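Secondary and tertiary structure notes
Each chain is listed here by its residues.
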There are 2 protein chains.
Amino acid sequence: MAKEIERRRDLIAATIREIGAQGTLNVTVGQIAKRAGVSPGLAFHYFGDKEALFLAAMRWILRDYGLQVRAALAAADGPAERLDAVIEANFAESHFRDGAVAAWLNFYVLAQRSTEAARLLALYHRRLHSNLVHDLRPLAGAEAAAGIAVRLAALIDGLYLRFALARDAVEAAPAAAEVRAALSIELAAVAAPTPRSAARS
Amino acid sequence: MAKEIERRRDLIAATIREIGAQGTLNVTVGQIAKRAGVSPGLAFHYFGDKEALFLAAMRWILRDYGLQVRAALAAADGPAERLDAVIEANFAESHFRDGAVAAWLNFYVLAQRSTEAARLLALYHRRLHSNLVHDLRPLAGAEAAAGIAVRLAALIDGLYLRFALARDAVEAAPAAAEVRAALSIELAAVAAPTPRSAARS
DNA sequence: CCGATTATTGATTGACGAGTCAATTAATGG
DNA sequence: CCATTAATTGACTCGTCAATCAATAATCGG
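Quick caveat, the model's predicted, so the values are computed rather than measured.

Quick notes on helix 1 (residues 2-22) of chain B
Residue and element names in this part refer to chain B. Along its 21 residues, helix 1 runs 30 Å from first to last C-alpha, staying within 8% of the 30 Å computed at 1.5 Å per residue. Taken together, the buried positions of helix 1 are Leu-11, Ile-12, Ala-14, Thr-15, Ile-16, Glu-18, Ile-19 and Gly-20. Residues of helix 1 that are buried make contact with helix 2 (29-36), helix 3 (40-47), helix 4 (50-74) and helix 6 (100-110). Residue Gly-23 follows helix 1 closely and has a positive phi angle near 70°.

Shown next as structure tokens:
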């Protein structure tokens, strides 16, 4: 019984690693199974088909992300600290390990075919956005918070992309620093009256 | 002779459209050929293999992007206008048409396997960065320019990602507006003394 | 027109991979 | 121990697809 859970975990981990290693969703179930140390048939036995295995891997990554964010938030005190925690969690080491970034990037591609993948990704987007807005509100006001959150979220994703490409650079810290810099600049702009070029659209 | 150029263009256009339509690089040469209205054999005749066809499509998109940026820059006057032109060009309608965004996203994935694709993508990154830095320098000073450029470039890419997912939302304008907003905030922060939270790192 | 060159076809091959399944092995409980 | 059930295997099928190639059609120069 517990065997099943263990095997599923093994296969999911192997899936993420294999996608990371090959940099594509074009991995065979055979390769995944081999990496997990089981026969190909077992993967089908537990997951039914390849897509289900991919989706399980994606859920795994998202669940891991969610846990990490919640843990970081629990330890933080006050909006400023909480924002920092969210940023930190988004660039946590575990998101850059074992080809997780490459897997993540490929899930973006998967989301264009699979409505379930799209749903999961939308969930992530909403979570990130609402986390940011929640703690931006007390610092920047209700009106400015939404806009800042959109930009910070996109900035986070964009920096992710860069890292997905530069596989050698394993340092996540500079990325987080850029986001923090953008945050402090955004907050400063709210505090001070906009000096001229306010494109309020 | 001119026939060859025409066929190559047809096939490249069909490749981009097909990748866009399917949302993946898992398209068959047969499907591409059919879309281009030729036989599968012809694609191999002109490009050798599938990967070469993909790379040609990627070069095409990048070339188009480069042309558009250069054209926009030529019409702009002064750093502020030029920055606006770069932003505008990055969200030009042609980059959102015929599944170009989906193709773009898939090229990110391709870049993890193909060194040539990685090279092309790095080229794009460098171009964007240096365009931004060039015109940020007179407005923000040499020191601040680089950091701002990194953040704006990542922001642009991140907003692209969102659009790649939300296929229904074909409006690029709001994305460009976000980048412009970030730009004006960044410039304001340079003008005013940083109020407290300067994480100069 | 004709012959030569170039463009284009589409049938074919060979490899590969998803998914199935009957058979084998391990675990479990009495 | 044995019997029953669960876990696991890996050979097999069947479809698909990249790439090839011999054959056909178009083009063109003279």
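Some thoughts on the protein's contact with DNA strand C
Taken together, 15 residues lie around DNA strand C, and Thr-28 and Lys-50 of chain A together with Arg-7, Ser-39 and Tyr-46 of chain B are the ones closest in. Per the 4 Å cut-off to the protein, sugar and phosphate atoms form 70% of the nearby atoms of DNA strand C. In this structure, Ser-39 of chain B approaches DNA strand C through a main-chain N or O atom, which is 2.8 Å from a phosphate oxygen. Counting residues per element, the ones that place at least two in the surface near DNA strand C are helix 1 and helix 3 of chain B. Sort the elements by how many residues they give to the surface near DNA strand C and helix 3 of chain B lands first, with four residues. Considered class by class, the residues forming the surface near DNA strand C number seven nonpolar, four polar and four charged.

Quick notes on the UniProt feature "DNA-binding region" (unreviewed entry) in chain A
UniProt's feature table lists "DNA-binding region" (unreviewed entry) at residues 28-47 of chain A, given in the numbering used throughout. Span residues 28-47 of chain A is 80% helix and 0% strand, its end C-alpha atoms 14 Å apart.

Brief notes about the pattern of salt bridges
A full pass over the atoms with the stated rule returns 28 salt bridges over all chains. With a closest N to O distance of 2.8 Å, Arg-151 of chain B and Glu-178 of chain A form a salt bridge. Taken together, the positions of Arg-151 of chain B in helix 7 (residues 115-165) and Glu-178 of chain A in helix 8 (residues 173-191) put the pair across two chains. With respect to class, Arg-151 of chain B is no different from Glu-178 of chain A; both count as buried.

Remarks on the interface of chain A and chain B
Contact with chain A, which involves 39 residues of that partner, is made by 39 residues of chain B. Both faces combined, the contact of chain A with chain B buries some 3500 Å², and carbon together with sulfur accounts for 66% of it. By the criterion of area lost to chain B, the three top residues of chain A are Gln-112, Arg-151 and Arg-162 of chain A, representing 19% of everything that side buries. Linking chain A to chain B there are four salt bridges. There are 11 residue pairs in polar contact (both at pLDDT 80 or more) connecting chain A and chain B. Within the residue set of the side of chain A that touches chain B, elements represented by two or more residues are helix 6 (100-110), helix 7 (115-165) and helix 8 of chain A. Grouping the constituent residues of the side of chain A that touches chain B by class yields 21 nonpolar, 11 polar and seven charged.

What to know about the UniProt feature "domain: HTH tetR-type" (unreviewed entry) in chain A
Here the UniProt-annotated "domain: HTH tetR-type" (unreviewed entry) positions come out as residues 5-65 of chain A. With 82% helix and 0% strand, the stretch residues 5-65 of chain A has end C-alpha atoms that lie 20 Å from each other.

A look at the packing of helix 6 of chain A against helix 7 of chain A
Helix-helix packing is characterised by the crossing angle of the two axes and by the distance between the axes. Residue and element names in this part refer to chain A. Orientation of helix 6 relative to helix 7, taken along the N-to-C sense of each, is 90°, at an axis distance of 2 Å. The orientation of helix 6 with respect to helix 7, classified from their angle, is roughly perpendicular. The residues of helix 7 that touch helix 6, namely those facing Val-101, Trp-104, Leu-105, Phe-107, Tyr-108 and Leu-110, are Ala-117, Leu-121, Tyr-124, His-125, Asp-157, Tyr-160, Leu-161, Phe-163 and Ala-164. Residue composition of the contact of helix 6 with helix 7, grouped by class: 13 nonpolar, one polar and one charged.

Thresholds, definitions, all that
- Residues numbered from 1 in each chain as written.
- Chains lettered and ligands numbered in written order.
- Predicted model: local features only at pLDDT ≥ 70, side-chain atom pairs only at ≥ 80, totals over all residues.
- Heavy atoms only, no water.
- Helix = DSSP H or I, 4+ residues; strand = E, 2+ residues; numbered from the N terminus.
- Expected span 1.5 Å × (residues − 1).
- Buried < 20%, exposed > 50% of the residue type's maximum accessible area, 1.4 Å probe, protein only.
- Contact = heavy atoms within 4.5 Å.
- Near = heavy atom within 4 Å.
- Polar contact = N/O pair within 3.5 Å; in protein donor to acceptor, adjacent residues only side chain to side chain.
- Nonpolar A, V, L, I, M, F, W, Y, C, P; charged D, E, K, R; others polar.
- UniProt positions renumbered as here; feature names shortened; annotations may be inferred.
- Salt bridge = Lys/Arg side-chain N within 4 Å of Asp/Glu carboxyl O.
- Buried area = accessible area lost by both parts, 1.4 Å probe.
- Axes fitted to C-alpha atoms, helices over the stretch in contact; angles between N-to-C directions.
- Parallel < 35°, antiparallel > 145°, perpendicular 65-115°, else oblique.

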